[in-house]
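Listed here are the chains, written in short residue letters.
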Amino acid sequence: MSLTSDPPIHPPAPTEPGEKPAADEYAALKVVPVRHPWRWVAVAATAVLLAQFLNGLITNPGWEWDVFARFVTTETILHAVWVTLQLTFYGTVIGFALGIVLAFMRLSASPFLRGVSYAYIWAFRSIPLIVQLLFWFNLAYLYKELQFGIPFGPGFVAFDTMNLVGAMSAAVLGLALHQAAYAAEIVRGGVLAVDGGQLEAAAALGIPRLRQLRRIVLPQAMRSILPNAANEIISLFKGTSIVSVMAIGELFYQVQVVYGRNGRVVPLLMVATVWYILLTTVLSVLQHYVERHYAKGAVR
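An unreviewed UniProt entry lists the protein under the name Amino acid ABC transporter permease, with Streptomyces atroolivaceus as the source organism. Taken from UniProt, the Sequence similarities (unreviewed entry) comment for the protein reads in full: "Belongs to the binding-protein-dependent transport system permease family." In UniProt, the protein has this text filed under Subcellular location (unreviewed entry): "Cell membrane".

Listed below in structure tokens is the structure:
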């Protein structure tokens, strides 16, 4: 037996079941990497299909890339893109502003406010968007004028709905009211994700309710709200194509007008597709940076 604290140079081999092998036996073991043959088969099959698709995209004359290049940046298309962005912006801002109000009505202690908010969300999520748009577009058929005054009494100011609600106004109104129903549920879910104990602690410290909401609840709720909100904004951006039924010159409508004249359906559809992909990519990049901002302190 060695009298020093140094380990033996050649440790004895294990003699009992369950005893760990010696160091030299570890060195003698052969390491065999795990093989995934079916993974490579899937990669090869996917690569072949992707190569075939790209080859057809480049070599198939039916795509008419020369026609695509001629129309993709024309003044008509660029103006239509601008109209689409306007519809998306106004629909998002108004929709989420109203959605925040509806969300806190759902969270209110008042049964009446909760009921009104629930009824609004239920109704606008149940009715198809195209029906809502056509309803607001034909508002003048139901109401010749709108009056402001004493409820159920005389009116002081009146507006002609025929001139007040045009096609663009009806489109923004329909998109915003439809978006508000979904935004309300997104905001409500984000607020409910915040631990209620933090509000109790803030109330115990005497922090006002509005400051609690602005400085404690919303910064934390944004981490849950942002991914779903970004998806809704992107869906709204693509969903603006539905206002083409109202003859508004947004991107998809204008593309339909052009290929209705020259008959080049596929390249003009690719014009709209490329613009939708490009702008959706920009929105996704903005989403990434905004999410990273609100994730400070929560993600290492």
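**Remarks on the nonpolar core**
Counting residues in hydrophobic clusters, the biggest one holds 24 residues, and the most contacted among them are L87, Y120, L175 and V243. Mapped onto this core, the elements with two or more residues apiece are α4 (75-106), α5 (111-126), α6 (129-137) and α9 (167-192). When residues in this core are grouped by element, the largest group, 8 residues, is from α9. Ignoring sequence-local partners within four residues, the contact set of L175 consists of L87, L129, L133, L236, T240 and V243. Counting residues in each nonpolar core, the second largest holds 19 residues, with V72, V258, Y259 and M270 among its members.

**Description of unusual backbone geometry**
The phi torsion at E64 lies on the positive side, around 50 degrees, for a residue other than glycine. Turning to its location among the elements, E64 is positioned in the loop between α2 (37-59) and α3 (65-71). Taking the relative accessible area as the measure of exposure, E64 reaches 24% and is therefore partly exposed.

**Description of a nonpolar patch on the surface**
A cluster of nonpolar side chains, namely I127, I130, V131, L134 and V245, defines an oily patch on the protein surface of about 360 Å² accessible area. What makes I127 partly exposed here is its relative accessible area of 38%.

**Details of the UniProt feature "transmembrane region" (unreviewed entry) in the protein**
What UniProt calls "transmembrane region" (unreviewed entry) maps, in this numbering, to residues 40-59, 79-105, 117-137, 157-178, 233-253 and 265-286. Secondary structure content for residues 79-105 is 100% helix and 0% strand, and the end C-alpha separation is 39 Å. Regarding residues 233-253, the helix share stands at 48% and the strand share at 0%, and the terminal C-alpha atoms are separated by 20 Å.

**What about the pattern of salt bridges?**
All told, the structure shown has 3 salt bridges when counted by the stated rule. Between R264 and E64 there is a salt bridge whose closest N-O contact spans 2.8 Å. Of this pair, R264 sits in the loop between α12 (251-262) and α13 (265-294) while E64 sits in the loop between α2 and α3; the two residues are 200 residues apart in sequence, bridging distant segments of the chain. The shortest N-O distance in the salt bridge between E185 and R188 comes to 3.0 Å. Here E185 pairs with R188, and both are found in helix α9, just 3 residues apart, close to one helical turn. Several salt bridges share partner residues, and in doing so they unite R106, E185 and R188 into one network.

Definitions and limits used
- Residues numbered from 1 in each chain as written.
- Predicted model: local features only at pLDDT ≥ 70, side-chain atom pairs only at ≥ 80, totals over all residues.
- Heavy atoms only, no water.
- UniProt positions renumbered as here; feature names shortened; annotations may be inferred.
- Core = buried A, V, L, I, M, F, W, Y, C linked by side-chain atoms within 4.5 Å.
- Buried < 20%, exposed > 50% of the residue type's maximum accessible area, 1.4 Å probe, protein only.
- Helix = DSSP H or I, 4+ residues; strand = E, 2+ residues; numbered from the N terminus.
- Contact = heavy atoms within 4.5 Å.
- Patch = residues over 30% accessible without salt bridge, like charges linked within 9 Å, V, L, I, M, F, W, Y side chains within 5 Å.
- Areas by Shrake-Rupley, 256 points an atom, 1.4 Å probe, with all protein chains shown as cover.
- Salt bridge = Lys/Arg side-chain N within 4 Å of Asp/Glu carboxyl O.

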